[in-house]
Amino acid sequence: MFDVPVLAIVYNRVTFTHDLFTVLHKVKPARLYVAADGPLENDRIDCQLCLETRCVFMPEWDCEMKTLFFDKHYGKSQMVVNAINWFFENEPEGIVLFDDTLPNLDFFTYCKELLDLYRDDTRIAHIGGCNIYKHNLWDKSYFFSAYPHTWGFATWRNRWEGFDLNMKDLESFDFNEISNKYFFKSKVFNFWQRRYHLLQKNNVDLWEYQYFFHLWKTGGLSVVPSVNLVNNRGFRPQKRRLRRLNRPVQPILPLQINTEIMQDEKYDRFAFRRYYRKDKLTLLSRWLNENFFID
């Protein structure tokens, strides 16, 4: 029995959700939380798919399962925030997974050990499960990054507290406060400063980007495993550049503890260059896809 609580955030992808539940069935979490977005209004097919997705979760092991099933459709970002807020109203720490993620079994032990290790070390704000770098260059099991990859992760209530999807304090925030800590070049600083003002100006909710701002504002670093532990199945076929960053999952146990808490400059340069640096149209089209399901 696995004693770390797990939150699964789902919508209408029945097959993906079934595959995720198959992994959870092997892990057997003692406390399982399931949050599901509601169907699109007046869409009978979507309503059926949402119902079928929710019915996937029928634990056959000794499990306390709690559900948060919405009738209203919120869209990805608001749904994620609703779900994680609810999760941490009930638990002080835990693992967050999405219906399009497929972790290997080592991911769960990795999260458990690092949740225990860094529980009282607020320098660490996020324990990510994915690594997008194609080579393993690290002699330890994990390292530290400015970027909290969110394909599957673990964190604590006290690190999540204060997260604001609307970033109301962005206008009064001085980006120079985080520039020296996280950004190695002025072009990276300028990119993120422009990006956040673009998001706010256009009232765009991309929760991962708002989550970055939350962690940077609070001074936290993210743990990245030296190998990829979570397969992201949600990339559209057209996004070949991004799909190539989805590395095969590999074992990581037993963990080799990294005692040097320092941002990995090489990895963050790569992540910025290959994953985050996009033009305005790409950013806005991603928001449209997440909220109006153009794809």
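Here is a short report on the structure shown in this document. Each chain carries its own residue numbering, running from 1 in the written order of its sequence. Local features are withheld for residues below a pLDDT of 70 in this predicted model, meaning they are given only at 70 or higher, and side-chain atom pairs are given and counted only at 80 or more; totals for whole chains, interfaces and linings count all residues. Water and hydrogen atoms were dropped before computing side-chain values, which therefore reflect all heavy atoms in the structure.

### Topic: the pattern of salt bridges
So, step 1. Salt bridge, as applied in this entry: a Lys or Arg side-chain nitrogen positioned within 4 Å of an Asp or Glu carboxyl oxygen. According to the stated counting rule, one finds twelve salt bridges in the structure shown.
So, step 2. A salt bridge links lysine 112 to aspartate 3; its shortest N-O distance comes to 3.0 Å. A residue pair is termed long-range when its members are at least 10 positions apart, and lysine 112 in helix H4 (residues 106–117) and aspartate 3 in the segment before strand S1 (6–10) qualify at 109 residues.
So, step 3. Residue classification places aspartate 3 among the partly exposed positions, given a relative accessible area of 44%. Only DSSP runs of H or I reaching four residues or more are called helices, and only runs of E reaching two or more are called strands; each is numbered from the N terminus. Partly exposed residues are those whose accessible area sits between 20% and 50% of the maximum for their type, while under 20% is buried and over 50% is exposed, using a 1.4 Å probe and protein chains only.

### Points about the packing of aromatic side chains
So, step 1. The rule is short: rings of Phe, Tyr and Trp, with Trp giving its six-membered ring, pair when the centres are within 6.5 Å, and they are stacked under 30 degrees, edge-to-face over 60, tilted in between. Under the definition given, this model contains 48 aromatic pairs.
So, step 2. Between the aromatic rings of phenylalanine 107 and phenylalanine 108, the centroid separation amounts to 5.3 Å while the plane-to-plane angle is 80°, which identifies the pairing as edge-to-face.
So, step 3. Phenylalanine 107 sits in the buried class, given a relative accessible area of 0%.
So, step 4. Phenylalanine 108 sits in the buried class, given a relative accessible area of 1%.
So, step 5. A centroid spacing of 6.2 Å and a plane angle of 85° characterise the contact between tyrosine 118 and phenylalanine 144, whose relative ring orientation is edge-to-face. Residue tyrosine 118 is located in the loop between H4 and strand S6 (124–128), and its partner phenylalanine 144 is located in strand S7 (residues 142–145); the two are separated by 26 residues in the primary sequence.
So, step 6. When the ring centre of tryptophan 156 is taken as reference, the NZ or CZ atom of arginine 159 above it lies at 3.9 Å.
So, step 7. Across from the ring centre of tyrosine 182, 5.4 Å away, lies the NZ or CZ of lysine 181, which sits over that ring. Criterion for a charge above a ring: Lys NZ or Arg CZ within 6 Å of the ring centre, and within 35 degrees of the ring normal.

### Some remarks on helix H7 (residues 186–201)
So, step 1. Here H7 contains 16 residues, and its C-alpha end-to-end distance of 22 Å stays within 8% of the 22 Å for a straight helix at 1.5 Å per residue.
So, step 2. Of all the positions in H7, only Val188, Phe189, Phe191, Trp192, Arg195, Tyr196, Leu198 and Leu199 are classed as buried. Helix span, as expected, comes to 1.5 Å for every residue beyond the first.

### Things to note about the nonpolar core
So, step 1. Counting 73 residues, the largest nonpolar core has Ile95, Phe108, Tyr110, Trp192, Tyr196 and Trp216 as the members making the most contacts within it.
So, step 2. The contact criterion used is simple: two residues touch if any of their non-hydrogen atoms lie within 4.5 Å. Look past the residues within four positions of tyrosine 196 in its chain and what remains in contact with it is Met167, Leu170, Phe175, Tyr209, Gln210, Phe212, Phe213 and Trp216.
So, step 3. Only buried residues count toward a nonpolar core. Its members are Ala, Val, Leu, Ile, Met, Phe, Trp, Tyr and Cys residues joined through side-chain atoms within 4.5 Å. Listed in part, the 24 residues of the second largest apolar core include Ile9, Tyr33, Ile84 and Phe153.

### Comments concerning the pairing of strand S8 (residues 152–156)
So, step 1. For S8, a buried count of five out of five residues is recorded, marking the element as mostly surrounded by other parts of the structure.
So, step 2. With burial as the criterion, each face of S8 is covered, one bearing Gly152, Ala154 and Trp156 and the other bearing Phe153 and Thr155.
So, step 3. Relative to S8, strand S4 (residues 93–98) runs antiparallel, the two sharing five bridges. Paired with valine 96 across the strands is phenylalanine 153, a residue of S8.
So, step 4. Sheet analysis places S6 next to S8, joined by two bridges and oriented antiparallel. For glycine 128, the partnering residue across the bridge sits in S8 and is phenylalanine 153. Paired strands, in this sense, are two strands between which DSSP finds at least two bridges.

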